[in-house]
Structure formats: structure tokens, C-alpha cells
Amino acid sequence: MVDNNKNTRSVRPADGLRGTIHLPADKSIAQRTALFAGIAEGTSRIEGYPSSADPQSALSCLRQLGIQIETDEDVLIIHGKGIRGFSPPSEPIDCGNSGTTLRLLSGLLAGQNFRSTLIGDESLSSRPMGRILDPLRQMNARVDSVEGHAPLTVGPASGPLSAIEYTLPVASAQVKSCVLLAGLYADSVTTVIETLPSRDHTERMLGLDTGIQHGKRLVHIRGGMKVEPRNWTIPSDFSAASFFIVAACITPGSVLKMPNVGLNPTRTGLLEVLRAMGARIEIENQREISSEPVGDITVYASQLASVTVTKDIIPSLIDEIPILCVAAIQATGRTEIRGAGELRHKETDRIDAMVKGLGALGAKVEEFEDGLAIEGPQQLHGGHVSAFDDHRIAMSMAISALSASDPVHISGADSVAVSFPEFFRTLDSIRPDPN
Ligand code: S3P
């Protein structure tokens, strides 16, 4: 049965995926280029800014704060006004589905001399915000929430914020970045300490001082630091690539090429894990673009074996765990993923969503509070699954359909627009039997 509902997509099994895939620009980096351009002293140009919903939310928030943004063909031009150049918004600032926009912007707004309200969609409004409210309060910022959730009210600051030394209780680049950005408005140097390294785009892009002490990573920011305008080129999104990396690995006869993909080591834990499982993944033409490592990836169909994934590597593959579960279904042996409790606080509870989704296709998945275990290989059957309105669940279930015995119908599939609006078109383009 093919469901005609616009928001339901049906994906048929396939063999032999082939081609070259051009992936969208990195969502995490894109949102940072926009926010950092907004507080820079002068005009920044961003090449290839993505049309997906989260990066667009960052732009509309900046516009609400009085930042002028233009486009010139493929280039976005942002006229930054310095760290104190935002205008008070006349309405609540809408961050849509984007945790990165909401949490990073909260740091910037904590230091302004006006009050803002930050809102988001239903999913964002159910995600935990205590993790940014606690350090912001330690900095003497005025912040309020609805029982630890958005809407948040932030500011006004009556004077400089207090610089703090803050050890992250959870490995989170959003929390780290929020504290660092609030640190721009502090009376001296703010330091964030992390036990497990989370993605380091903020520190790379702002050129912050970093160090290692007693095995922990330190990042420093000086209050009042000026942000220079820049010309940014955004690499393709490794997290978007991950769906096609796994698709090529598990689909017999596949060879897929993905040029120009961001390979920041704080993001590419999936490559390490898949290679340990026996995947053949080649990387060529390694180079640096706008302070970020980039390369061309080629992936070949591979016989996968199970692996154990533990807490230390989780931050570097946190967004790739749903698609790693799809690889585990095809791998021989028991794959166990632990220390991944943070997955329960994403756009949806991604542990629950994958257990339910793969379960609906006949898979046996063992669920833990902090992860899951899958004994492979398992033959999936077709059926109906929900994306739980989460882009990464929608794309993971679509890739799982490639090795199912019958089509899989995914409701809530439009959620791919959050990070990868062209996902289904891209998937069709590499099938030997398009349409
Ligand atoms: C992001 C950090 C991660 C990640 C999210 C993007 C960022 O979230 O899951 O998709 O851009 O900093 P956490 O910081 O909550 O782990």
C-alpha cells in the first residue's frame, strides 16, 4: 500500500546504490556563521548557506534583532553590528525546531541591555533548558523559563556579567557555546571545561584559546572581545553524509562518492566505529575550509561485524546513533551502544524512536536507559513507521528500508526539511531504479 498523505514517504528496497552525492552545508557550522556574523563589526559573506529550516531559523532570529541580511546569488551577506548592536525585538524570537539557535542565542542575549523572549516549536519547548540556565545564572544573567523549558526570558543585564569557570555536567557543544558567548559580555575571562570533547566549531570559528589540563579540555573567552567579519565557506554536513555512508555500507554492490564533506574529528566518530565494524571508507583530498577540515569520501558496500560503543566516543557521533542502529541491524553479532542517554533529549527521544521504528519492521532491539543493543544480522520486513517529527529518525528509517523485504512507509517524513530538504530526491538519484 502506498500512502498518499503528503507527509508520508514510501521507500522501496534497493541494491547497488551508485553515484556522487552533493550534500547540504553543515547545519551546526551554518548557524554559527550567521550568529557570529551578526555580532561581528562589519559585513560577512557566507557561501552556500543552507535552505534547511534550522539555519533559516537562525537568520529570522537575527532579523528580529535588527540585523540586516541580503543575498547575492549563492552568497548570504550579513551586516554585523558588533556584540552590542542588536535592537530590542518587538515580539518573541522564534527559534523553530533549532536547539543550537536557541541555546547559542540565549548566551548572546544574556549580555544585552534589553529583555528578550525566546520561543520554539513543540519539540524544542519540551527540551531541557536548565543546562543553560544554571551557568547563565552563575554569571549573574537574568534568565527565566517555564519549569526549565522554553519560552525563556533573557536579560536585561544591568552591567557586565560575571566571568566564571564552568565544568560542563553533560558533554554538550550547545551548552559550551552558550556559556562562551555569554562570556563575551563578562568582566574578565570565562573558561569552559569539558571532560569529553564535544564539537569544537565555536572555538575554531572564533579563534578562541584552548588547552588541556589534567586530561580535560579548556576553552577561554575574554569579555569584550571583538568579533571580526569574515568570508565563510561552509563544508557539506557530515551528519547528512552519515545516512548515505551507512546506506552504501549495507547495500550490496554500492559505491557512493561524497565530495567536500566536513571531517572535524569532534564530529566523525561514526567513521571510526564503521571502520572498526569492517566498512571500506576512503578519504581523499583532505584540506581546510574556513578553519574546518574537509575531504572527499568514497564508501563501498562492506560486510559489517558488530561493535561495542561506549561513553567516550558518544559526543563525536551523538547525531549519528540512529543511523548506526541501522548499520547494526545488518552487522554480524551483538552491537551494544551505551552512555548515550543524551539521545533522549534530542528533537525526540531517539532511543525510544529507534526501538519503536526498527521494532515495527520486525527487528529485535534491546533498550537501556542509556542506549540499546542489536543482534545482527536481521531481515527487516516492510511496514508503517513514524519519524516522530524528527529529521534524523525519518532519514534513518528511510535507509533501513533499503534492506527490508518490502516498502517502508514513513509518517512525519517532511521533518527532513529541518536539515536536509533534498534527502528523498538525493536517495532516488542513486538508486539503480529511480521512481
Ligand atoms: C549541536 C550540538 C549537539 C548536536 C546538535 C547540534 C551544535 O547538541 O546534537 O545537533 O550545533 O552545537 P548538544 O550540544 O545538545 O549535544
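Rules used in this analysis
Residues numbered from 1 in each chain as written. Predicted model: local features only at pLDDT ≥ 70, side-chain atom pairs only at ≥ 80, totals over all residues. Heavy atoms only, no water. Helix = DSSP H or I, 4+ residues; strand = E, 2+ residues; numbered from the N terminus. Rg over C-alpha atoms; globule rule 2.2 N^0.38 Å. Buried < 20%, exposed > 50% of the residue type's maximum accessible area, 1.4 Å probe, protein only. Pairing = 2+ DSSP bridges. Contact = heavy atoms within 4.5 Å. Axes fitted to C-alpha atoms, helices over the stretch in contact; angles between N-to-C directions. Core = buried A, V, L, I, M, F, W, Y, C linked by side-chain atoms within 4.5 Å. Near = heavy atom within 4 Å. Polar contact = N/O pair within 3.5 Å; in protein donor to acceptor, adjacent residues only side chain to side chain. Areas by Shrake-Rupley, 256 points an atom, 1.4 Å probe, with all protein chains shown as cover. Nonpolar A, V, L, I, M, F, W, Y, C, P; charged D, E, K, R; others polar. Domains from an automatic or database assignment. Salt bridge = Lys/Arg side-chain N within 4 Å of Asp/Glu carboxyl O. Expected span 1.5 Å × (residues − 1). Parallel < 35°, antiparallel > 145°, perpendicular 65-115°, else oblique. Left-handed = near helix turned anticlockwise from the far one by under 90°.

On to the overall build of the protein chain. When you go through the protein chain residue by residue, the secondary structure sums to 13 helices and 23 strands. Taken over C-alpha atoms, the radius of gyration comes to 21 Å for the protein chain, in line with the 22 Å a tight globule of 435 residues would show. The C-alpha extent of the protein chain, read off along each of the three principal axes, is 65 × 45 × 40 Å. For the protein chain, buried positions account for 61% of its 435 residues.

Strand order in the open sheet formed by four strands is S18-S19-S21-S20, with mixed pairing between adjacent strands. Each edge of the sheet is formed by a strand with only one pairing partner; in this case those strands are strand S18 (308–309) and strand S20 (365–368). Along the sheet face, helix H10 (residues 321–330) touches S18, strand S19 (333–337) and strand S21 (371–376) and points at about 20 degrees away from the line of S21.

Before going further, it helps to examine the nonpolar core. Core analysis: the largest hydrophobic core is formed by 79 residues, its most contacted members being Phe244, Ile245, Met258, Leu274, Leu358, Ile399 and Phe423. Counting residues in each nonpolar core, the second largest holds 67 residues, with Leu180, Leu181, Leu184 and Ile234 among its members.

Now for the site of the ligand. Around the ligand, a shell composed of Ser28, Arg32, Thr100, Arg103, Ala171, Ser172, Ala173, Gln174, Arg199, Ile318, Asp319 and Lys346 is seen. In this structure, an oxygen atom belonging to the ligand sits 2.6 Å away from a side-chain N or O atom of Ser28. One of the side-chain N or O atoms of Thr100 is found 2.9 Å from an oxygen atom in the ligand. Across the complex, the protein chains shield 95% of the 380 Å² of accessible surface that the ligand would expose by itself. Put simply, the parts of the chain that give the shell around the ligand at least two residues each are helix H1 (27–38), helix H3 (99–110) and helix H6 (173–183). In terms of residue class, the shell around the ligand is built from three nonpolar, four polar and five charged. Structurally, the shell around the ligand is a two-domain feature, drawing no fewer than three residues from each of domain 1 (2–25 + 235–429) and domain 2 (27–222).

This part takes up the sheet that holds strand S1 (residues 8–11). Taken in spatial order, the three strands line up as S1-S23-S22 in an open sheet, and their pairing is mixed. Looking along the sheet, the strands with just one partner apiece sit at the ends: S1 and strand S22 (383–386). On average, each strand axis in the sheet is inclined to that of its neighbour by 25 degrees, with strand direction left out of account. Pairing between S22 and strand S23 (residues 408–411): four bridges, direction parallel. For Ser386, the partnering residue across the bridge sits in S23 and is Ser411. Strands S1, S22 and S23 of the sheet are contacted by helix H12 (residues 391–401), whose axis makes an angle of about 175 degrees with S23.

As enumerated under the stated definition, the model contains 27 salt bridges in all. For Arg334, the salt bridge identified is with Glu336, shortest N-O distance 2.7 Å. Here Glu366 makes a salt bridge to Arg334, at a shortest N to O gap of 3.0 Å. Highlighted residues: Glu366 in strand S20 and Arg334 in strand S19, separated in sequence by 32 residues. A residue is classified by how much of its surface remains accessible, and Arg334, at 36% relative accessible area, is partly exposed. One network of salt bridges, in which partners are shared, links Arg127, Arg199, Asp319, Glu347, Arg350, Asp390 and Arg392.

Here we take up H3. If you check H3, its first and last C-alpha atoms are 16 Å apart, about what 12 residues at 1.5 Å a residue would give, namely 16 Å. Gly99, Thr100, Thr101, Leu102, Arg103, Leu104, Leu105, Ser106, Gly107, Leu108, Leu109 and Ala110 are the residues of H3 that are buried.

Of the consecutive residues Gly155 and Pro156, the connecting peptide bond is found in the cis state with omega at 0 degrees. By the element assignment, Pro156 lies in the loop between strand S9 (149–154) and strand S10 (165–167). Note the cis peptide between Gly376 and Pro377, where omega equals -5 degrees. Locating Pro377 in the fold gives a position in the loop between S21 and S22. Backbone geometry at Ser290 places phi at a positive 45 degrees, although glycine is not the residue there. Structurally, the position occupied by Ser290 is in the loop between strand S16 (280–289) and strand S17 (292–300).

Its location among the elements puts Gly85 in the loop between strand S5 (75–81) and strand S6 (93–94). Residue class for Gly85 comes out buried when judged on its relative accessible area of 15%. For Gly85 and Leu65, which are 20 residues apart along the polypeptide, the C-alpha to C-alpha distance reads 8.8 Å.

Our focus in this paragraph is the packing of helix H11 (residues 350–360) against H12. Remark: H11 packs on H12, axes separated minimally by 11 Å, with the N-to-C direction vectors making an angle of 25 degrees. On the basis of the axis angle, H11 is roughly parallel to H12. Of the two elements, H11 crosses H12, and the hand of that crossing is right-handed. In this structure, H11 contributes Arg350, Ala353, Met354, Gly357 and Leu358 to the contact, and H12 contributes His391, Arg392, Ile393, Ser396, Met397 and Ser400. Here the contact of H11 with H12 is composed, by residue class, of five nonpolar, four polar and two charged.

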